[in-house]
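Here are the chains, one letter per residue:
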Amino acid sequence: MTGRRAATRNIVVGIDPARDWHLALAWAADEAQRRRLPLRLVLAVPPQHDTQHVDDTPGQMSLRQAGTERLAQAEDWVRNRHPEVAVTADLLGGFPGPVLGGAARDARMVVLGSRHLSRTAEFFSAGSLVVPVTAQAECPVVVVGDAEHISQQPPYVVAGVDGSASATAALAYAFDEADLRGAALRVVCVWQRPLIMLDEEEVALRAQRTLLSEATAGLSEKYPDVHVTHEVLTGHPVEELARAAEHALAVIVGRRGRGGYTGMRIGSVVHGLLHRAHCPVITVPTG
């Protein structure tokens, strides 16, 4: 089942033809409903042969048929969950990473499921989507490896701040996400003790607290209904952010500009959270 690309920028969700897609699709459908955006389901069918011609072998036709059926199931599931959400489904030929990367060019965000691969497996798995799409997409990318912790009261979202331009963009996105959900926002800065201390620790921590206050000042005025807390934690950024987000709806962080296919430029904190966090991870590009 296929559909034309919506004129309005949409939310794109990758449908895995071989594994359960409900968790990522539920997150994407709920977000589309909250933001009143159309939802586009994308399933990629990789070529079985190294050829520039259309592959119409029985094996390829079987893959396309299975993909069509899986998309139809997913589309019906979304319509039952949120009848008001405009949903289309596209079966596209090509390897999943490049296909989803191409779909991201016209998206407000891309939502992917995660198989919780190890770092090495994520880089070298032929079916890997998380690292290459996260590295290359010019829109926010959501990786849903575990469900939102909606039972936590009050619900909250975590945003990581480090003073960078990408963190500033992520913080603005986090305020918007918290406001849409009626959730609190925990703004976290993690300070790592350097090998050589030029100032006293309290001076360094005070500078981090000032950074948080300045970063959130204007946004707090824009989103007066969002309850914000500032936290300066000491330790490794990945471990501390993952711990802070243990019961969160999501953890939101910035990522550096577009990198190569391997995704080495997404940053060590982003890369670590994709494998360590037990809630959806939202990465936001600069600008």
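Residues numbered from 1 in each chain as written. Predicted model: local features only at pLDDT ≥ 70, side-chain atom pairs only at ≥ 80, totals over all residues. Heavy atoms only, no water.

(A) Fine view of the sheet that holds strand β9 (residues 250-255). Judged by pairing direction, the sheet is mixed, and its ten strands sit side by side in the order β3-β2-β1-β4-β5-β10-β9-β6-β7-β8 without closing on themselves. At either margin of the open sheet sits one strand with a lone partner, and together these are β3 (87-93) and β8 (228-234). Averaged over all pairs of adjacent strands, the angle between their axes in this sheet comes to 25°, without regard to strand direction. The sheet strands contacting helix α9 (residues 268-276) are β5 (141-144), β9 and β10 (281-285), and the helix crosses β9 at an angle near 155°. (Pairing = 2+ DSSP bridges. Helix = DSSP H or I, 4+ residues; strand = E, 2+ residues; numbered from the N terminus. Axes fitted to C-alpha atoms, helices over the stretch in contact; angles between N-to-C directions. Contact = heavy atoms within 4.5 Å.)

(B) How the structure looks around helix α6 (residues 165-181). Taking 1.5 Å per residue, 17 residues should reach 24 Å; α6 reaches 25 Å between its end C-alpha atoms and fits that length. The set of residues buried in α6 consists of Ser166, Ala167, Ala170, Leu171, Tyr173, Ala174, Phe175, Glu177, Ala178 and Arg181. The positive-phi residue at the C-terminal boundary of α6 is Gly182, with phi of around 65°. (Expected span 1.5 Å × (residues − 1). Buried < 20%, exposed > 50% of the residue type's maximum accessible area, 1.4 Å probe, protein only.)

(C) Local environment of the layout of surface pockets. Looking at the second largest pocket, its volume works out to about 340 Å³. Asp162, Pro237, Leu241, Gly254 and Val269 are, among the 21 residues lining the second largest pocket, the residues nearest its centre. Breaking the lining of the second largest pocket down by element, the ones donating at least two residues are α6, β7 (184-191), α8 (237-244), β9 and α9. Split by residue class, the lining of the second largest pocket holds eleven nonpolar, seven polar and three charged. (1 Å grid on protein atoms, 1.4 Å probe; cavity = no way out; pocket = protein on both sides within 12 Å on 5 of 7 lines; lining within 4 Å. Points joined across faces, edges and corners; volume = space filled by probe spheres on them. Nonpolar A, V, L, I, M, F, W, Y, C, P; charged D, E, K, R; others polar.)

(D) Region of the structure containing the environment of Glu246. Its place among the elements puts Glu246 in the loop between α8 and β9. For Glu246, a relative accessible area of 42% puts it in the partly exposed group. A C-alpha to C-alpha distance of 8.4 Å links Glu246 and His149, two positions 97 residues apart in sequence. If sequence neighbours within four positions are ignored, Glu246 has contacts with His149, Tyr156 and His278.

(E) Summary view of the nonpolar core. One finds Val13, Ile15, Leu25, Leu39, Leu41, Val111 and Leu185 to be the most contacted residues of the largest nonpolar core, which totals 48 residues. When residues no more than four places from it in sequence are discounted, the contact partners of Val13 are Ala24, Leu25, Ala28, Leu39, Arg40, Leu41, Val42 and Val111. One finds Ala104, Leu112, Val158 and Leu241 within the second-largest nonpolar core, a separate group that totals 35 residues. (Core = buried A, V, L, I, M, F, W, Y, C linked by side-chain atoms within 4.5 Å.)

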